Amino acid sequence: TEAYLAAMEKGRKLNAYVLETPEKALEMAAASDARIAKGEAGPLEGIPIGVKDLFCTKGVRTTACSNILGNFVPPYESTVTSNLWRDGAVMLGKLNNDEFAMGSSNETSCFPGPINPWRRQGSNVGAGSGAVEGTYLVPGGSSGGSSAAVAAMLCAGATATDTGGSIRQPAALTGTVGIKPTYGRVSRWGIVAFASSLDQAGPIARDVTDAAMLLRSFAGADAKDTTCVDRDVPDYVAAVGKSIKDMTIGIPREYRIDGMPAEIQKLWDEGAEILKEAGANIVEISLPHTKYALPAYYIVAPAEASSNLARYDGVRYGLREPGKDIVELYEKTRAKGFGKEVRRRIMIGTYVLSAGYYDAYYVRAQKLRTLIKQDFEQAYASGVDAILTPATPSAAFGIGEKGSADPVEMYLQDIFTVTVNMAGLPGIAVPAGLDNQGLPLGLQLIGRAFDEETLFSVASVIE
Ligand code: GLN
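Everything numeric here is computed off the predicted structure, so don't read it as measured data.

Colleague: So, unusual backbone geometry: which residues are in play, and what are the values?
Modeller: For residues besides glycine, phi is generally negative; the peptide bonds are generally trans as well. Omega for the peptide link from Gly141 to Ser142 comes to 5°, which places this bond in the cis form. Position of Ser142 relative to the elements: it lies in the loop between strand S3 (90–95) and helix H4 (144–151). With phi around 55°, Ala64 is a residue other than glycine that occupies positive phi space. With respect to the helices, strands and loops of the structure, Ala64 is situated in the loop between strand S2 (48–52) and helix H3 (79–86). The backbone of Phe100 sits at a positive phi, close to 55°, despite the residue not being glycine. Position of Phe100 relative to the elements: it lies in the loop between S3 and H4.

Colleague: I'd like a rundown of the site of the ligand, residues and numbers included.
Modeller: Near the ligand, the surroundings consist of 13 residues, among which Ala101, Ser104, Thr163, Gly164 and Ser166 are the closest. When grouped by side-chain class, the residues that make up the shell around the ligand number four nonpolar, seven polar and two charged.

Colleague: Help me get a handle on the pairing of strand S4 (residues 157–162), residues and values and all.
Modeller: Most of S4 sits inside the fold, with six of its six residues counted as buried. By the alternation rule, side chains of S4 split into Gly157, Thr159 and Thr161 and Ala158, Ala160 and Asp162, which are all buried. In this sheet, S4 lies alongside S2 in parallel orientation, the contact comprising two bridges. Paired with Gly50 across the strands is Ala158, a residue of S4. Inspection of the sheet shows S4 paired to strand S6 (residues 200–205) by six bridges, in the antiparallel sense. Each bridged residue has a counterpart across the sheet, and for Ala160 the counterpart in S6 is Gly202.

Colleague: Tell me about the nonpolar core, residues and numbers included.
Modeller: Residues Ile49, Ala149 and Leu445 are the most contacted members of the largest nonpolar core, which totals 134 residues. The biggest single contributor to this core is helix H9 (residues 293–308), with ten residues. What Ala149 contacts, discounting residues up to four positions off in sequence, is Ala16, Tyr17, Gly50, Leu95, Leu154, Cys155 and Ala158.

Colleague: Account for the confidence of the model for the protein chain, naming residues and giving values.
Modeller: Mean pLDDT over the protein chain stands at 95; residues scoring 70 or higher make up 97%. Note on residues 127–134: pLDDT is under 50 here. Beyond four places in sequence and across chains, it has seven contacts. Scored as a complex, the prediction yields pTM 0.97 and ipTM 0.98.

Colleague: Mind laying out the sheet that holds strand S7 (residues 248–252), listing which residues take part and the relevant values?
Modeller: Strands sit in the order S1-S3-S2-S4-S6-S5-S10-S11-S9-S7-S8 across an open sheet of eleven strands; the sheet is mixed. Looking at which strands have only one partner, the edges of the open sheet turn out to be strand S1 (17–20) and strand S8 (281–285). Across the sheet, the axes of successive neighbouring strands diverge by a mean angle of 30°, strand direction being ignored. Relative to S6, strand S5 (residues 177–180) is paired through two bridges, and the arrangement is antiparallel. Along S6, the bridge assignment pairs Val177 with Ala205. Lying over the sheet, H4 contacts S1, S2, S3, S4 and S6, oriented at roughly 155° with respect to S4. Strand contacts of helix H8 (residues 262–277): S7, S8, strand S9 (386–390), strand S10 (427–434) and strand S11 (440–447), with the helix running at about 150° to S9, the strand carrying the most contacts.

Colleague: Any details on the packing of H8 against helix H15 (residues 452–462)? Residues and values, ideally.
Modeller: Their axes nearest at 9 Å, the elements H8 and H15 cross at an angle of 105°. Taken as axis vectors, H8 and H15 run roughly perpendicular relative to one another. Counting all contacts with H8, which are made through Gly271, Ile274 and Leu275, the residues of H15 involved are Val458, Val461 and Ile462. Across the contact of H8 with H15, the residue classes tally to five nonpolar, one polar and no charged.

Procedures and definitions
Residues numbered from 1 in each chain as written. Predicted model: local features only at pLDDT ≥ 70, side-chain atom pairs only at ≥ 80, totals over all residues. Helix = DSSP H or I, 4+ residues; strand = E, 2+ residues; numbered from the N terminus. Near = placed C-beta within 6 Å. Nonpolar A, V, L, I, M, F, W, Y, C, P; charged D, E, K, R; others polar. Buried ≥ 20, exposed ≤ 12 C-beta atoms within 10 Å, placed from the backbone. Pairing = 2+ DSSP bridges. Core = buried A, V, L, I, M, F, W, Y, C linked by C-beta atoms within 7 Å. Contact = placed C-beta atoms within 7 Å. pLDDT = per-residue confidence, 0-100. Axes fitted to C-alpha atoms, helices over the stretch in contact; angles between N-to-C directions. Parallel < 35°, antiparallel > 145°, perpendicular 65-115°, else oblique.

Rendered as structure tokens:
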């Protein structure tokens, strides 16, 4: 814990943490020492963890990186973090993210954005202590604080959330491992809600084993979340390194999108080759409704967000801007408290849910969601054990480089990841190589519902 606290101080310019909690960390570490001395060590005893600022932490400021939550201090602890502390983990602090987890670069945070510790080859950005030139890269989003902190070794592992790719895309852009579990595998209780039917928490970690250890700790039934499923949590760590001989891995032809960079295609082909050498059968499959996933996601997610974010009215939490009456108080608080991307989502969501447009947009998007889910069910029914795809369409990009003029450019980052949330399936991103500028690239494996074990086995062959 002391070593990590020292690293955090040195790495502060990466803006990975929005709040450091050193006193709490040392207190928890001392309690860990005491348990170890008594022979009562938990499975994660003394392991220092960073927490995405979307997870409520009792008595510790939780903002979702939005001004509207201001100095909100939750009186309760999320189930995910409670489970980690129960198993002996130590909290180092709260990690940066896109405001309410809306974004793919962590640039919508109300705090200064986190910086990817990776640099383009030949770039002298951040080198030494001298002048900084050129462009820093984003660590992906929305869990960019988590990915940056894990990649820069400012924590041993981190919690993250994934609504449309926010665990897998930042993991891919920082050379770390991130898994979005099956919807219902992990309790959402105490996590600030973005789109409740898509949100799922998972770990970002340095390797597949660490990710398996963290998920094993915080997955499982929780009476406080009715969508959390009461199923046994297998020993994910035991799945790491297991033979994948005779498994069938599907390669979906619809993921070969127009304009796919040659190096992403190459990474994907090489990944398939590695799995083949390990004894897996590689088959081409079709997921015909893939092209509708991104547009349907950007209807469903904002719709649910507009409803979830209605609670931030200046009365119950955080920021309050006084007005002459209650309506003006609402208006002023929400106008001041929400950033641009969040306001855009609220407006889109309110529009697609409004009486005249509900059938034309929201209902159709939900129908597409069913078709996307059925595509996967058919592939798995045909004997496929897992599906291999690229995790992202590009390596890490520069801060300010994407999305400022055209938000859709940023939304395209999620092209390979949103299908998984729409279908409620588990997906893991695992580092698989470097691009021609020396930046990490990731592959994604998509599994059957509640079969995270297969993902850990296959991912450990690739890493
Ligand atoms: N980038 C996607 C969005 O902005 C996904 C974010 C997420 O998974 N939280 O909605």
